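Observations on the three-dimensional arrangement
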Amino acid sequence: MKKGILHPDFWDRPAFGEAHFGGPDLPARRLRDLLEAHVAAVPKGGRIDWVTYYFRDRRLGMALLEAQDRGVSVQVTLEGRPRTARANDRVRALLEGGGGLGAGVRNIRMWPFPTPPGKLRHPHLHEKLYCFSHPENVALLGSFNPSGDEPEEDPAMVEEIRDQDRGHNLLVEVRDQNLVEGLRAHAQWLHGARFPGLLGVLASPNRRLFSGATEIHFLPRFGRHPLLARLDELGPGARVRIAGSHVKGAGIVRALTRLAQHTRHVYLLAEHTERRVPSRVERCLRDAGIMFQRTGDHSGLPMHNKFVLAEEGERRWTAFGSFNWTTRSFWINREILVISSDPGLYDAFDRRWQTMWGPGESEERSGGMGAPPPAVVAPASPTLIASTFPSESP
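Residues numbered from 1 in each chain as written. Predicted model: local features only at pLDDT ≥ 70, side-chain atom pairs only at ≥ 80, totals over all residues. Heavy atoms only, no water.

Here's the deal with the overall build of the protein
Counting secondary structure elements, the protein contains 12 helices and 19 strands. The buried share of the protein, taken over its 394 residues, is 58%. In the protein, 78% of the contacts between residues at least 6 apart in sequence involve partners at least 24 apart. Summed over all atoms, the accessible surface of the protein reaches about 16000 Å², with 53% contributed by carbon and sulfur. (Helix = DSSP H or I, 4+ residues; strand = E, 2+ residues; numbered from the N terminus. Buried < 20%, exposed > 50% of the residue type's maximum accessible area, 1.4 Å probe, protein only. Contact = heavy atoms within 4.5 Å. Areas by Shrake-Rupley, 256 points an atom, 1.4 Å probe, with all protein chains shown as cover.)

Written out as structure tokens, the structure is:
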């Protein structure tokens, strides 16, 4: 897609279709069922391009093979070194074996890279992007990995990576044709890229996408993180609500503390596990005046959503994608970030936030959605943050 060239359907189609959510309050497996329905609907001569971090759902793997058998071009790009090393093995064997996708499946392993604190880390391909050419040319992106399997033969694996088929998750349907074509070009570039890491910033399929009120960023990028840059523009009267499944790292705590300094109405809804959101992070953020609440789910279901709602006067925008509030995710991972002031999209995320935050004792303790935050104490000093996160200090 060349800059400045508008697809003929630009003025006739909304940028987004439905925002699809998963969660304990919704039917189980609805997001993987959504993906399966899209796969089944692509006819001979069509195209499917997937990029995902975890892929354990063998029924979805079989659906992709059946699509190839009926004449659909299928490409799947996977993280080759996920945190749970064996997670993708069964679907990989299915897709790579006899009668599989052949060159249509690729596992990406990126070289280690120094993060800002100075520690070498392996970047991950953490994107969740699913492109379909038919019956409508659309892309689904968000936080959902097809990481469940039924029948489930490895409950210990689910215990480790959590049940994303039943926990909080999201996929948003992108319909704007300029954005869809840009997303597909990016997926195809990833599938064939020799250097998919930070050097990929220089590749044209990784340039920022613009259309109407929406911009899409392919991370990592050089310079200031685009989400932090947008948050820096907010004034003291703004309200910011963050749903963050993973929040950790000294640099992330500093960024959120700065946000709380200049934007006093900050709410953070976090995952309930200590591994994804350590208690020391919670203490620092509460001390900074951030309204902090965990999902409080004791059934083992994760809160895997990743989105931001910002409002200041008449201005409202939302950000969502695959990104976590972690050092690795912000600086070296392959991630997708969408920032949009589309009013329908904002309303959909606002409704979901209200459902997730919910009424009750924990909200009252935090001051409630409509209540002003408590007086903001002096922000934690760099020395205190460094001592709290010794392994991630600059």
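The discussion continues.
Some words on the confidence of the model for the protein
Averaged over every residue, the pLDDT of the protein is 88; residues scoring 70 or more account for 86%. Here residues 1-11 is modelled with pLDDT under 50, and outside its nearest four sequence neighbours on either side it reaches 12 contacts, counting other chains as well. Between residues 360-387, whose pLDDT stays under 50, and residues either more than four places distant or in other chains, the model counts 44 contacts. (pLDDT = per-residue confidence, 0-100.)

Concerning the environment of Val39
Tracing the sequence through the fold places Val39 in helix H1 (residues 30-41). Accessibility expressed as a relative area gives 1% for Val39, which makes it buried. With near-sequence residues (within four places) excluded, Val39 lies in contact with Ile48, Trp50, Ala63, Leu64, Ala67, Arg70 and Phe132.

Describing the side chain of Asp342
Within the element layout of this structure, Asp342 appears in the loop between strand E19 (335-340) and helix H10 (343-357). At 8.5 Å, Arg316 is the nearest oppositely charged side chain to Asp342, a buried residue that forms no salt bridge. Apart from residues lying up to four places away in sequence, Asp342 is in contact with Ala15, Phe16 and Ala213. (Lys, Arg positive; Asp, Glu negative; His and termini not counted. Salt bridge = Lys/Arg side-chain N within 4 Å of Asp/Glu carboxyl O.)

Overview of unusual backbone geometry
Residue His134 is joined to Pro135 through a cis peptide bond whose omega torsion reads -5°. Inspection of the secondary structure puts Pro135 in the loop between strand E7 (129-132) and strand E8 (138-142). The omega angle of the peptide bond from Glu150 to Pro151 is 0°, so this bond is cis rather than trans. Mapping Pro151 onto the fold places it in the loop between E8 and helix H4 (155-161). In this structure, Arg29 is a non-glycine residue whose phi angle is positive, near 65°. By secondary structure assignment, the location of Arg29 is in the loop between strand E1 (16-22) and H1. Positive phi values are uncommon outside glycine, yet Arg162 reaches one of about 80°. Note on placement: Arg162 falls in the loop between H4 and strand E9 (169-174). We classify Arg162 as buried; its relative accessible area is 8%.

With respect to a nonpolar patch on the surface
Side chains of Trp111, Phe195, Leu199, Leu202 and Phe222 sit close together on the surface and give an oily, nonpolar patch of about 650 Å² of accessible area. Residue position: Trp111 is located in the loop between strand E4 (105-108) and strand E5 (113-114). Overall, the relative accessible area of 66% leaves Trp111 in the exposed class. (Patch = residues over 30% accessible without salt bridge, like charges linked within 9 Å, V, L, I, M, F, W, Y side chains within 5 Å.)

Topic: the pattern of salt bridges
Here the structure, examined in full by the defined rule, presents 33 salt bridges. For Arg239, the salt bridge is made with Glu311, and the minimal N-O distance between the two is 2.8 Å. Residue Arg239 is located in strand E12 (residues 239-244), and its partner Glu311 is located in strand E16 (residues 306-312); the two are separated by 72 residues in the primary sequence. What emerges from the salt-bridge pattern is a single network uniting Arg29, Glu150, Asp163, Asp165 and Arg166.

Description of the packing of aromatic side chains
Aromatic ring pairs are reported here in terms of the distance separating the ring centres and the angle at which the planes meet. The full count for this structure, using the stated rule, is 13 aromatic pairs. Taking 5.0 Å as the distance between ring centres and 85° as the angle between the ring planes, the aromatic pair formed by Trp50 and Tyr130 counts as edge-to-face. Residue Trp50 is found in strand E2 (residues 47-52), and its partner Tyr130 is found in strand E7; the two are separated by 80 residues along the sequence. In this pair, the class of Trp50 matches that of Tyr130, namely buried. Ring-pair connections join several aromatic residues into one group, and the members of that group are Phe16, Phe21, Tyr267, Phe307, Phe320, Phe349, Trp353 and Trp357. (Phe/Tyr/Trp six-rings, centres within 6.5 Å; stacked < 30°, edge-to-face > 60°.)

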